[in-house]
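# Geometric and topological summary
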Amino acid sequence: MELLRVETFQAPSAAGLPSEKELSAKIEKMAVDLKALRDAPTAEPYDGPALLSGRAAAVFFHEVLGHRLEGHRQKDEEEGQTFTKKIGQEVLPKFLSVTDDPTVSELAGEKLAGTYSYDNEGTPSQRVEVIKDGVLRNFLMSRMPVKDFAVSNGHGRNQPGLMPTGRQGNLIVTSTQTLPEDQMRQKLIDEVKKQGKPYGLYFDDIQGGFTLTQRSLPQAFQVLPVIVYKVYADGRPDELVRGVDIVGTPLASLTRIITTGDKQHVFNGICGAESGSVPVSAVAPAMLFSEMEVQKRQHAHERQPILPPPGASDDTASNKSSKPEAHQ
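Residues numbered from 1 in each chain as written. Predicted model: local features only at pLDDT ≥ 70, side-chain atom pairs only at ≥ 80, totals over all residues. Heavy atoms only, no water.

Okay, unusual backbone geometry next. One non-glycine residue, A108, lies in the positive phi region at around 55 degrees. For A108, the position within the fold is in the loop between β3 (106-107) and β4 (110-111). We note that D148 has phi near 70 degrees; this positive angle belongs to a residue other than glycine. Assignment of secondary structure puts D148 in the loop between β6 (135-136) and β7 (156-157). D148 gets classed as exposed once you look at its relative accessible area, which sits at 68%. (Helix = DSSP H or I, 4+ residues; strand = E, 2+ residues; numbered from the N terminus. Buried < 20%, exposed > 50% of the residue type's maximum accessible area, 1.4 Å probe, protein only.)

Shown next as structure tokens:
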């Protein structure tokens, strides 16, 4: 199984990048994580309570919700148009709101990668309240109009050489129903016991994901975690597992959020879509889901070589290093 562990650092200038000491510490942590993942058991398909860290929840919202709120998808007949006719309707629990604000450059002590003053069509960037108290209010618009949304709100973005479309910048999720972050794990255990499950899952970090928005395909998403733990209801220590992906459909998954943590966390990355790759940020608190489905991750089944490469065996190496005996 191919194991991936990535740390990304972004800054508006070289002066904002971490020191060599900080980078070395991250490298050591990545090596420790990879060794632990190599020794960890593979996860089994599961459906039950799950807790996402703030970074994991930020990626989840970017993939599952954010792409379906991009303006051009509301007029393209090949798109699934999940939220096109849901303006004024509740699409999230009432305690959640979502904005996209490229005018903010820093949040929760971190620089945001999706910040810009003007979009790629020359429109000033704007704070857009997409969802307020669970109710859908707006879409992320370029200069391409859609029904009931005739003007841009500063989200026309593109990679050079491609046509701008409505894209995410800094997607920010806020909550009015929170718990102290250090109590979220116990809340997960309580939910596991309530449902009679042997364990819940805690997603500590996520590398990214993808979502299917065209109507010719299932309206589904797949999010790719890298650090996942089984949290047992009987008090056993948490168990690291590997080879698991979060899967589901947006309308069902987004309504199963029970509560959130009280701190915001930032995920910076590069997002690819029809108009190319653009820098983005997603910000969210930790989130507890009453139900989340995971599946086994695809991996290779190549057999390891039976014999070591010539000259690489221990015997060969020891023979090379030993000096020939002298005979008289």
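Let us now look at the nonpolar core. Among the nonpolar cores identified, the biggest contains 50 residues, and F60, F61, L65, L92, I131, F203 and I246 are the most heavily contacted of them. Of all the elements, helix α2 (residues 54-64) adds the most residues to this core, at seven residues. Excluding residues that lie within four positions of it along the chain, L65 makes contacts with F60, F83, L92, V98, I131 and L254. (Core = buried A, V, L, I, M, F, W, Y, C linked by side-chain atoms within 4.5 Å. Contact = heavy atoms within 4.5 Å.)

As a further point, take the pairing of strand β5 (residues 128-132). Both strand β2 (residues 96-100) and β5 contribute to a ladder of three bridges, which runs antiparallel. Looking at β5, one finds that T99 is bridged to E129. The pairing of β5 with β6 spans two bridges and is antiparallel. Each bridged residue has a counterpart across the sheet, and for K132 the counterpart in β6 is V135. Counting the residues between successive antiparallel strands, the hairpin from β5 to β6 contains two residues, one of them, D133, with a positive phi of roughly 50 degrees. (Pairing = 2+ DSSP bridges.)

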